Amino acid sequence: MSITTTQVAIIGGGPSGLLLSQLLHRRGIETVVFEKHTRDYVLGRIRAGVLEHGFADLMREAGCGERMDAEGEIHEGIYIAHQGRMDRVDLAKHTGGDTVVVYGQTEVTRDLYQARADMGGVVVHQAEDVALHDLKSTTPYLTYSKDGTSHRVNCDYIIGADGFHGPSRKAIPSDVLREYEKVYPFGWLGVLSETKPVSPELIYARHDRGFALCSMRSQVLSRYYIQVPITDNVDGWSDDAFWAELKSRLPADVAAGLETGPSIEKSIAPLRSFVAEPMRYGNLFLAGDAAHIVPPTGAKGLNSAASDIYYLYHGLLDHYLKDDDAGLEGYSETALARVWKAQRFSWWMTNLLHRFPDSAEVDRRFQQTDLDYLFSSDAALASLAENYVGLPY
Ligand code: APR
Ligand code: PHB
């Protein structure tokens, strides 16, 4: 068995792990990232595309903002379509000028991989059987195998940024870990197509047939979603059926302007709310999807991961550069306070805009009234806007 040493061992080469590795390396703190899959596999996953302004700033601080700033689009508002009309939420007006950046997670991840490579950062791909050891001691370590050889990595801290299915959360004893979960009775069928987006800003649509979302990756690449029963299979959805269903859920004038084309990706994602507490166990720190999942309605998945990384980054900087452990000691509590607010917002947006299979007429009237209230109240609009652009770190 080979034995190596690093300061911070990071499990998972998704956006969370890569961003932390990049930020720390720039401040002279040594990290190694251990990723189960190949880089191409990680980059093949199509995920969301709305970055809070705080996350965009963190990408810039990581030295990874150049392409995002050149190719991403700043959005100052979103539309909510309901009862046949479009109402706009002016994000900038209601937040004193804050906006979001529309830039795909795949591109964020690509830029992070490029930056890691440019700095000579170490990312070990196809690391198998990663296991965590002695987490409560001051000498934690992890083991893994690659190409048939076993390795041991000694470190100060282990970061579990290995997504929902990774080993890190499972390394916390069950009498310590508390998990909160809500599974929604529907999924999102998503289509990526090389067509011009139907609207310059995102449209979130509430309709009696179900929710729909019009999003984009660029001016020539659209991303659309419709709510479907969780029992549906993508093979049962032809492109024609998808476009027809999407149009039926949009206001008539919007539907009339929708450019359709062949799908280049089509998949169904389940919707779930999930939080694991605490996010720290000894010298293991969880971040991103390893600790929490949101339904995508509020565009908070990647952004919640980024806020964890912000707190961890500053906690680790304080430890290594100032010998101050207050940030690390408070990490779980601080990160979870913001995570729960993103959870609440995502749950509220999901409830506001979806058709629930078992809902009664009274529930639909509550939804409609929630929307009527929203667009009649600057206070309500400001609340939506400040959550959508991202609460302060
Ligand atoms: N060993 C090493 N790596 C692992 C292991 C393992 N046993 N299990 C999982 N991984 C890797 C996965 O292959 C993946 O690349 O961990 C990475 C986790 O990445 P993500 O799932 O993308 O999670 P994260 O980096 O926290 O990204 C934030 O928020 O809502 C989401 O879509 C959003 O994926 C985004 C996430
Ligand atoms: C996306 O573009 O994929 C997207 C945008 C906003 C959301 C969810 C997904 O709320």
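Criteria and cut-off values
- Residues numbered from 1 in each chain as written.
- Chains lettered and ligands numbered in written order.
- Predicted model: local features only at pLDDT ≥ 70, side-chain atom pairs only at ≥ 80, totals over all residues.
- Heavy atoms only, no water.
- Pairing = 2+ DSSP bridges.
- Helix = DSSP H or I, 4+ residues; strand = E, 2+ residues; numbered from the N terminus.
- Contact = heavy atoms within 4.5 Å.
- Axes fitted to C-alpha atoms, helices over the stretch in contact; angles between N-to-C directions.
- Core = buried A, V, L, I, M, F, W, Y, C linked by side-chain atoms within 4.5 Å.
- Buried < 20%, exposed > 50% of the residue type's maximum accessible area, 1.4 Å probe, protein only.
- Near = heavy atom within 4 Å.
- Polar contact = N/O pair within 3.5 Å; in protein donor to acceptor, adjacent residues only side chain to side chain.
- Areas by Shrake-Rupley, 256 points an atom, 1.4 Å probe, with all protein chains shown as cover.
- Nonpolar A, V, L, I, M, F, W, Y, C, P; charged D, E, K, R; others polar.
- Domains from an automatic or database assignment.
- Salt bridge = Lys/Arg side-chain N within 4 Å of Asp/Glu carboxyl O.

1. Brief notes about the sheet that holds strand β21 (residues 292-293)
Next up, step 1: Strand order in this open sheet of eight strands is β7-β6-β15-β16-β17-β14-β18-β21, and the pairing throughout is mixed. The sheet is open, and its two borders are formed by β7 (85-90) and β21, each paired with just one other strand.
Next up, step 2: In this structure, strand β6 (residues 77-82) lies alongside β7, joined through six bridges in antiparallel fashion. Bridge pairing in β7 links Ile-78 to Val-89.
Next up, step 3: On the sheet, helix α12 (residues 331-353) packs against β6, β14 (178-193), β15 (203-205), β18 (263-277) and β21 and is oriented at approximately 130° with respect to β18.

2. Details of the nonpolar core
Next up, step 1: Core analysis: the largest hydrophobic core is formed by 70 residues, its most contacted members being Leu-19, Leu-20, Phe-34, Phe-55 and Ile-159.
Next up, step 2: Among the elements that make up this core, the one with the highest residue count is helix α10 (residues 301-322) (eight residues).

3. With respect to the site of ligand 1
Next up, step 1: Around ligand 1, a shell composed of 24 residues is seen, among which Ser-16, Glu-35, Arg-45, Arg-47 and Asp-289 lie nearest.
Next up, step 2: One of the side-chain N or O atoms of Arg-47 is found 2.3 Å from an oxygen atom in ligand 1.
Next up, step 3: With respect to ligand 1, the side chain of Asp-289 contributes an N or O atom lying 2.7 Å from an oxygen atom.
Next up, step 4: For ligand 1, the protein covers 89% of the area, taking 710 Å² as the surface of the free molecule.
Next up, step 5: Counting residues per element, the ones that place at least two in the shell around ligand 1 are α1 (15-26) and α10.
Next up, step 6: Here the shell around ligand 1 gets three residues from one element, more than from any other, and that element is α10.
Next up, step 7: In terms of residue class, the shell around ligand 1 is built from nine nonpolar, nine polar and six charged.

4. Quick notes on the site of ligand 2
Next up, step 1: Neighbouring ligand 2 are 14 residues, the closest being Tyr-204, Ser-215, Arg-217, Tyr-225 and Pro-296.
Next up, step 2: Here an oxygen atom of ligand 2 sits 2.8 Å away from a polar atom, N or O, in the side chain of Arg-217.
Next up, step 3: Side-chain polar atom of Tyr-225 to an oxygen atom of ligand 2: 2.6 Å apart, as the coordinates give it.
Next up, step 4: When ligand 2 sits alone it has 280 Å² of accessible area, and the protein chains cover 99% of it.
Next up, step 5: Of all the secondary-structure elements, those providing two or more residues to the shell around ligand 2 are β16 (212-218) and β17 (221-228).
Next up, step 6: Take the shell around ligand 2: its biggest share by element is three residues, from β16.
Next up, step 7: In this structure, the shell around ligand 2 is formed jointly by two domains, domain 1 (2-75 + 99-180 + 272-349) and domain 2 (184-270 + 358-389), each of which donates at least three residues.

5. Regarding the pattern of salt bridges
Next up, step 1: Considering all chains together, one arrives at 22 salt bridges under this definition.
Next up, step 2: Residue Asp-90 pairs with Arg-88 through a salt bridge whose shortest N-O separation is 3.5 Å.
Next up, step 3: A relative accessible area of 23% means that Asp-90 is categorised as partly exposed.
Next up, step 4: Among the charged side chains, a network of salt bridges with common partners joins Arg-67, Glu-71, Glu-107, Arg-110 and Asp-111.

6. Quick notes on the environment of Ser-168
Next up, step 1: Within the element layout of this structure, Ser-168 appears in helix α7 (residues 167-170).
Next up, step 2: Looking at Ser-168, the relative accessible area reads 0%, which means it is buried.
Next up, step 3: When the C-alpha atoms of Ser-168 and Trp-347 are compared, they prove to be 26 Å apart, with 179 residues separating the residues in sequence.
Next up, step 4: Each residue touching Ser-168, except ones within four places of it in the same chain, is listed here: Ile-11, Leu-132, Gly-160, Asp-162, Leu-284 and Leu-286.

7. Quick word on the domain arrangement of the protein
Next up, step 1: Per the domain assignment, the segments of the protein are domain 1 (2-75 + 99-180 + 272-349) and domain 2 (184-270 + 358-389).
Next up, step 2: Counting residues at the interface gives 27 residues for domain 1 and 20 residues for domain 2.
Next up, step 3: Between the two partners, domain 1 and domain 2, sit zero salt bridges.
Next up, step 4: Elements with a contribution of two residues or more to the side of domain 1 that touches domain 2: β4 (50-52), β5 (73-75), β8 (100-102), β18 and α12.
Next up, step 5: Broken down by class, the residue content of the side of domain 1 that touches domain 2 amounts to 12 nonpolar, eight polar and seven charged.

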